[in-house]
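# Architecture at a glance
Here's the letter readout for the chains.
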Amino acid sequence: MKKGHKGQVSIFIIAGISIVGIILLFILFRTGVIPHSNIEKEINPNSFLSSCLENKIKETTRIISSRGGYIEPKLYKNFSFTGQTEREISYLCYTQNYYESCINQEPMLIQHLKKEIYNSLSKDKEEISVKNCFDELVLNLEKQNYVVNAEYNDFEIKLVPKKIVVDINAEITLTKARETSIKKDFEVIVPSRFYNLAIVTQEIISQEARFCNFEVLGFMFFYSEFRVDKFTTGDSTIIYTIEDKKSKERFKFAVRSCVIPPGM
């Protein structure tokens, strides 16, 4: 074979290999099969932060729900159901006068609940907090021989149907074995019906303030996923308990509205 022909054959072989390589790369990119760096494989910050914070978030919302929307109630009724420990249950709609309809104490209830959770997850320096969990994440990474450059700013609580979301505004730059990866804007998601219960609470407060009443049976007929109990105490305070039937989560609060004087 002449040298010219050999050269042409070599060119065709190289071109063919190049085309096959390009096609394979295209397929790998399309299917997401291209391997990530070792850093991507070894660490999952969202999973670490979730395991650190989930129980704290659940305990915080449980306390808030049992006390009428507050960690530390200010305007409240001391009350206990049979066999239960007495606790402070906040008035979310209240008037001290007779015959008058109650005044909504938290017209921006969802915002208030977000603030209560935020305060609980940010101020506990000796307990679990978002900042503490983030610092633990950084220490954990350093123990794995990463060079870590971390920047923590703050976090935000989001209450949405069926879940509580903690958006953490932070950034971590990881370096190991000459590989560098940047991770930021972390998210912790906790399944919860807390938001759903708060929406029902808002509706009850609104009707109590307008009509001095809330029709429990009518509401449960249309919204069968909830159970609403209405208990009137000796001083005409009403204790509402809302339960999500599926998750068994509850929200309790007090109302004093359109009270008739004793003996009338």
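Right above here is the structure, for reference.
As the structure is a computational prediction, the values presented were derived from the model and not from experiment.

Its place among the elements puts Ser90 in strand S2 (residues 87–94). Residue Ser90 is classed as buried on the basis of its relative accessible area of 0%. If sequence neighbours within four positions are ignored, Ser90 has contacts with Arg67, Gly68, Tyr70, Pro73, Leu75, Tyr76, Phe253 and Ala254.

A word on the environment of Thr233. With respect to the helices and strands, the residue Thr233 is situated in the loop between strand S7 (226–232) and strand S8 (238–244). A sequence separation of 154 residues divides Thr233 from Phe79, and the C-alpha atoms of the two residues are 8.8 Å apart. Those residues in contact with Thr233 that lie beyond four places of it in its chain are Lys77, Phe79 and Ile239. Polar contacts involving the side chain of Thr233 include one to the side chain of Asp235, which spans 2.4 Å.

Turning next to the sheet that holds strand S5 (residues 163–176). In space, the three strands of this open sheet follow the order S4-S5-S6, with antiparallel pairing throughout. Looking at the sheet topology across the chains shown, the edges are occupied by strand S4 (147–160) and strand S6 (179–191). For this sheet the average axis-to-axis angle between neighbouring strands, irrespective of direction, equals 15°. In this sheet, S6 lies alongside S5 in antiparallel orientation, the contact comprising twelve bridges. Bridging across to S6, Glu171 finds its partner in Lys184. The sheet contacts of helix H3 (residues 45–66) involve S5 and S6, and relative to S6 the element is tilted by about 25°. The strands that helix H5 (residues 130–143) touches are S4, S5 and S6; relative to S4, the one it contacts most, it runs at about 145°.

Our focus in this paragraph is the packing of H3 against H5. The interhelical angle for the contact between H3 and H5, taken along N-to-C directions, is 135°, at an axis separation of 10 Å. Relative to H5, the element H3 is oriented oblique. Helix-helix and strand crossings are classified by hand; for H3 and H5 the assignment is right-handed. Of the residues in H5, those in contact with Pro45, Phe48, Leu49, Cys52 and Leu53 of H3 are Val130, Cys133, Phe134, Glu136, Leu137 and Asn140. A breakdown of the residues in the contact of H3 with H5 according to their chemical character gives nine nonpolar, one polar and one charged.

Further remarks concern the state of the cysteines. This structure, assessed with the given rule, holds three disulfides. A sulfur-sulfur distance of 1.9 Å marks the disulfide that ties Cys52 to Cys133. Between Cys52 and Cys133, the disulfide has an S-S torsion of -75° and is therefore left-handed. Taken as a pair, Cys52 in helix H3 and Cys133 in helix H5 lie far apart in primary sequence, 81 residues in all. You'll find Cys52 and Cys133 in the same group, each marked buried. A sulfur-sulfur separation of 1.6 Å characterises the disulfide bridge that pairs Cys212 with Cys258. Placement of Cys212 in the loop between helix H6 (194–211) and helix H7 (216–222) and of Cys258 in the segment after strand S9 (250–256) is noted, with a sequence separation of 46 residues between them. The connectivity of the disulfide-linked cysteines in the protein, indexed sequentially, is 1-4, 2-3, 5-6.

Once that is clear, we can look at the pairing of S5. Direction of pairing for S4 relative to S5: antiparallel, over a ladder of 13 bridges. Within S5, the residue paired with Tyr152 across the bridge is Ala170. Connecting the antiparallel pair S4 and S5 is a turn made up of two residues, with Lys162 showing a positive phi of about 70°. Counting the residues that bridge the hairpin from S5 to S6 gives two residues, and of these Ala177 lies at a positive phi of roughly 50°.

We now examine the packing of helix H4 (residues 109–123) against H6. Where H4 contacts H6, the axes come no closer than 10 Å and their chain directions differ by 140°. Taken together, the axes of H4 and H6 lie oblique to each other. Viewed along their axes, H4 and H6 form a crossing whose handedness is right-handed. Facing H4, whose interface residues are Leu109, Ile110, Leu113 and Ile117, H6 presents Phe194, Tyr195, Ala198, Ile199, Thr201 and Gln202. Of the residues in the contact of H4 with H6, the class split is eight nonpolar, two polar and no charged.

This part takes up the pattern of salt bridges. Applying the stated criterion to the full structure yields eight salt bridges. With its nearest N and O atoms 2.9 Å apart, the salt bridge here joins Lys77 to Asp235. A residue pair is termed long-range when its members are at least 10 positions apart, and Lys77 in strand S1 (residues 76–79) and Asp235 in the loop between S7 and S8 qualify at 158 residues. On the basis of relative accessibility, which here comes to 18%, the residue Lys77 falls in the buried class. Note on Asp235: relative accessible area 36%, which makes it partly exposed. Salt-bridge contacts for Arg250 lead to Glu243; the nearest nitrogen and oxygen are separated by 2.9 Å.

Rules behind the numbers
- Residues numbered from 1 in each chain as written.
- Predicted model: local features only at pLDDT ≥ 70, side-chain atom pairs only at ≥ 80, totals over all residues.
- Heavy atoms only, no water.
- Helix = DSSP H or I, 4+ residues; strand = E, 2+ residues; numbered from the N terminus.
- Buried < 20%, exposed > 50% of the residue type's maximum accessible area, 1.4 Å probe, protein only.
- Contact = heavy atoms within 4.5 Å.
- Polar contact = N/O pair within 3.5 Å; in protein donor to acceptor, adjacent residues only side chain to side chain.
- Pairing = 2+ DSSP bridges.
- Axes fitted to C-alpha atoms, helices over the stretch in contact; angles between N-to-C directions.
- Parallel < 35°, antiparallel > 145°, perpendicular 65-115°, else oblique.
- Left-handed = near helix turned anticlockwise from the far one by under 90°.
- Nonpolar A, V, L, I, M, F, W, Y, C, P; charged D, E, K, R; others polar.
- Disulfide = S-S within 2.5 Å.
- Salt bridge = Lys/Arg side-chain N within 4 Å of Asp/Glu carboxyl O.

Geometry only, nothing functional implied.
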